[in-house]
Amino acid sequence: MPRRPRQHGPHADPASDPASALRNAQRGERLQRVLADAGVASRRACEALIEEGHVEVNGELVTTLPAWADPAQDTILVDGRPIRREKPDNHYILLNKPARTLTTVEDEPGADRRTVVDLVDHPAAPRLFPVGRLDFETTGLVLLTNDGDLANRLTHPRYGVPKTYRVKVRGRIDPEAVGELEEGSYLADRKGGQTTGASRTSRVELAVLRWDGPDTWLELTLREGRNRQVRRMLSAVGYPVKKLERVAMGPLRLKGVARGSWRVLAAHEVRALRRSAAQAERGRGAPRSSDRRGPVSPKKGPTGRRAGAGGGCSRDRADSATTRDQRGD
Ligand code: URA
């Protein structure tokens, strides 16, 4: 005869349900959140699954909320099938990258520049790779992992996980340029060293932080990661970048990690990263239909609307410095 799980809920026998541990908020996270993080369904749909009697924790059928569970310790089943667990041999490291460091595992043959992996003295370092890329001179938050699924969710434009940059530009930025940047800029698309067209970047959140003598400090949040995107967008409106630092990726903040240092992420931070990919994916609107443009020819390409303070250039030629065909976010 199939085993019937004990019931945790309004009809549970109090003798066999001694103030169930699942009602203790100290023991982990809300059960619907644990299920949603494991990719079962949205949090709302998981609440319904629980209340309809589809979910068991450590042999108890859970039908009332709130309930808390620890995904690392508890056996959680949905319709009798275990939910996905964090793999114990996955590693997640946050590094504060210094300038003049390659965001790659190994330099090209014959070159011997420092890489982000060289800076991480951790037993798993030989198996880690950086999630996305920062330019050689860019500083700040780099995540290293061996979890390809999470890396893909954090970098693929489909998920649109926000990345925030603190930027110093040459010149005092004017409101027109701010408006242009917020709306999205046209940047060249390149493949195999050739310009194949131009397309508009998605909207950018931008805050002007302060003037610094003749320069300006900005904070920019992007939801995509084209190669050298921040530098190209700012050059296109006439404000070349002097300093660039990534300060956040989704819910992760750089704060508290000194330049060149690193730390291991806590399990709740990894779960928060996964959640942010799921949320960003749900929250994305339909792409603008006018965003893509055909191949750019020198004569017929889109023309720039303004010459910026620093002798700015037109949108179609602004980013001609693009080099590698990579997802550089
Ligand atoms: N945008 C850039 O231009 N460079 C980086 O390193 C990251 C984002």
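Owing to the predicted nature of the structure, the values given are computational and were not obtained by experimental measurement.

A.B. asks: How should I be thinking about the pairing of strand β16 (residues 241-249) in this particular structure?
C.D. replies: Successive residues of a regular strand alternate their side chains across the two faces of the sheet. Judged by how many residues are buried, β16 sits mostly within the fold: seven of nine residues are covered. Note that strand β11 (residues 163-170) and β16 share seven bridges and pair antiparallel. In the strand pairing of β16, arginine 166 is matched with glutamate 245.

A.B. asks: What exactly am I supposed to notice about the nonpolar core here?
C.D. replies: Looking at soluble globular proteins, one finds that nonpolar side chains tend to be buried together. In this structure, Leu144, Val167, Ile173, Leu220, Val230 and Leu234 are the most contacted members of the largest nonpolar core, which totals 32 residues. Elements with a contribution of two residues or more to this core: β8 (92-97), β10 (139-145), β11, α4 (175-183), β15 (215-222), α5 (229-236) and β16. The residues touching valine 230, leaving out its near neighbours within four places in the chain, are Tyr165, Val167, Leu220, Leu222, Val241 and Leu244. Judged by nonpolar contacts, the second largest core, of 18 residues, contains Val131, Leu143, Val161 and Met249.

A.B. asks: What is the right way to look at the confidence of the model for the chain in this model?
C.D. replies: In low-pLDDT segments, the atomic positions of the prediction should not be examined closely. Per-residue pLDDT for the chain has a mean of 82; in total, 79% of the residues score no lower than 70. Residue range residues 11-15 is modelled with pLDDT below 50. Its contacts to residues more than four positions away, or to other chains, number two contacts. A low-confidence stretch, residues 285-328 stays under pLDDT 50, and its non-local contacts, those more than four residues away or across chains, total 85 contacts.

A.B. asks: Can you walk me through the pattern of salt bridges in this structure?
C.D. replies: Once the charged atoms of two side chains with opposite charge are near each other, the side chains can pair. Scanning the model with the defined rule gives 19 salt bridges in all. Residue glutamate 29 pairs with arginine 275 through a salt bridge whose shortest N-O separation is 3.8 Å. Here glutamate 29, found in strand β2 (residues 29-30), pairs with arginine 275, found in helix α6 (residues 267-283); they are 246 residues apart in sequence, far enough to count as distant. Accessibility classification places glutamate 29 together with arginine 275 in one group, the buried group. Aspartate 189 is paired through a salt bridge with arginine 226; the nearest N and O atoms lie 3.6 Å apart. Here aspartate 189 is found in strand β12 (residues 186-191), whereas its partner arginine 226 is found in the loop between β15 and α5, with 37 residues between them in sequence. Owing to a relative accessible area of 16%, aspartate 189 belongs among the buried residues under this scheme. A cluster of three or more residues bridged by salt bridges with shared partners is formed by Asp147, Asp149, Arg153 and Arg274.

A.B. asks: Can you help me understand the site of the ligand in this one?
C.D. replies: Neighbouring the ligand are the residues Leu134, Asp135, Thr138, Tyr165, Arg228, Gln229, Val230, Arg231 and Leu244. Note that an oxygen atom of the ligand is positioned 3.2 Å from one of the backbone N or O atoms of arginine 228. Here an oxygen atom of the ligand sits 3.0 Å away from a polar atom, N or O, in the main chain of arginine 231. The protein chains hide 99% of the 240 Å² of surface that the ligand would expose on its own. Here the shell around the ligand takes three residues from α5, the largest share from any one element.

A.B. asks: It is not clear to me how the pairing of β11 should be interpreted in this structure. Could you clarify?
C.D. replies: In terms of residue burial, β11 counts as a mostly covered element, since six of its eight residues are buried. Pairing between β11 and β15: eight bridges, direction antiparallel. Paired with valine 167 across the two strands is leucine 218, which belongs to β15.

A.B. asks: Can you walk me through the environment of asparagine 152 in this structure?
C.D. replies: In this fold, asparagine 152 is placed in helix α3 (residues 148-155). Put simply, asparagine 152 and glycine 132 are 20 residues apart on the chain and 8.9 Å apart in space, counted from C-alpha to C-alpha.

A.B. asks: Explain the packing of aromatic side chains here, please?
C.D. replies: Pairs of aromatic rings are described using the distance from one ring centre to the other and the angle between the two planes. One pass over the structure, following the stated rule, counts zero aromatic pairs. Of note, arginine 113 hangs over the ring of phenylalanine 136, and the distance from its end group to the ring centre comes to 5.6 Å.

A.B. asks: It is not clear to me how α3 should be interpreted in this structure. Could you clarify?
C.D. replies: Of all the positions in α3, only Leu150, Ala151, Leu154 and Thr155 are classed as buried. Seen end-on, α3 carries its buried residues on one side only, within an arc spanning 120 degrees.

A.B. asks: Honestly, unusual backbone geometry in this entry has me stumped. Any pointers?
C.D. replies: The general pattern is negative phi for most residues beyond glycine and trans for most peptide bonds. Between leucine 65 and the following residue, proline 66, the backbone shows a cis peptide bond with an omega angle of 5 degrees. Mapped onto the elements, proline 66 comes out in the loop between β4 (60-62) and β5 (68-69). In this model, asparagine 58 sits at a positive phi of 50 degrees, which is unusual for a non-glycine residue. Along the chain, asparagine 58 falls in the loop between β3 (55-57) and β4. Given a relative accessible area of 36%, asparagine 58 falls into the partly exposed group. Its identity is not glycine, yet arginine 228 carries a phi of approximately 50 degrees, on the positive side. When you line up the elements, arginine 228 lands in the loop between β15 and α5.

A.B. asks: What is the right way to read the side chain of glutamate 269 from this model?
C.D. replies: Along the chain, glutamate 269 turns up in helix α6. Among all residues touching glutamate 269, those that are not within four sequence positions of it are Leu252, Arg263 and Val264.

A.B. asks: Hey, could you run me through helix α2 (residues 43-51) in this one?
C.D. replies: Note on helix geometry: an α-helix contains 3.6 residues per turn, so any two residues three or four positions apart are oriented the same way. Of the residues making up α2, those classed as buried are Cys46, Leu49 and Ile50. Within α2, the buried residues cover an arc of 100 degrees as seen down the axis, which keeps them to one side. Here the buried face of α2 lies against α1 (31-37), β3 and β4. A positive backbone phi angle near 85 degrees is found at glycine 53, which sits one or two residues after α2.

Conventions used here
- Residues numbered from 1 in each chain as written.
- Predicted model: local features only at pLDDT ≥ 70, side-chain atom pairs only at ≥ 80, totals over all residues.
- Heavy atoms only, no water.
- Buried < 20%, exposed > 50% of the residue type's maximum accessible area, 1.4 Å probe, protein only.
- Helix = DSSP H or I, 4+ residues; strand = E, 2+ residues; numbered from the N terminus.
- Pairing = 2+ DSSP bridges.
- Core = buried A, V, L, I, M, F, W, Y, C linked by side-chain atoms within 4.5 Å.
- Contact = heavy atoms within 4.5 Å.
- pLDDT = per-residue confidence, 0-100.
- Salt bridge = Lys/Arg side-chain N within 4 Å of Asp/Glu carboxyl O.
- Near = heavy atom within 4 Å.
- Polar contact = N/O pair within 3.5 Å; in protein donor to acceptor, adjacent residues only side chain to side chain.
- Areas by Shrake-Rupley, 256 points an atom, 1.4 Å probe, with all protein chains shown as cover.
- Phe/Tyr/Trp six-rings, centres within 6.5 Å; stacked < 30°, edge-to-face > 60°.
- Lys NZ or Arg CZ within 6 Å of the ring centre and 35° of its normal.
- Arc of directions from axis to C-beta.

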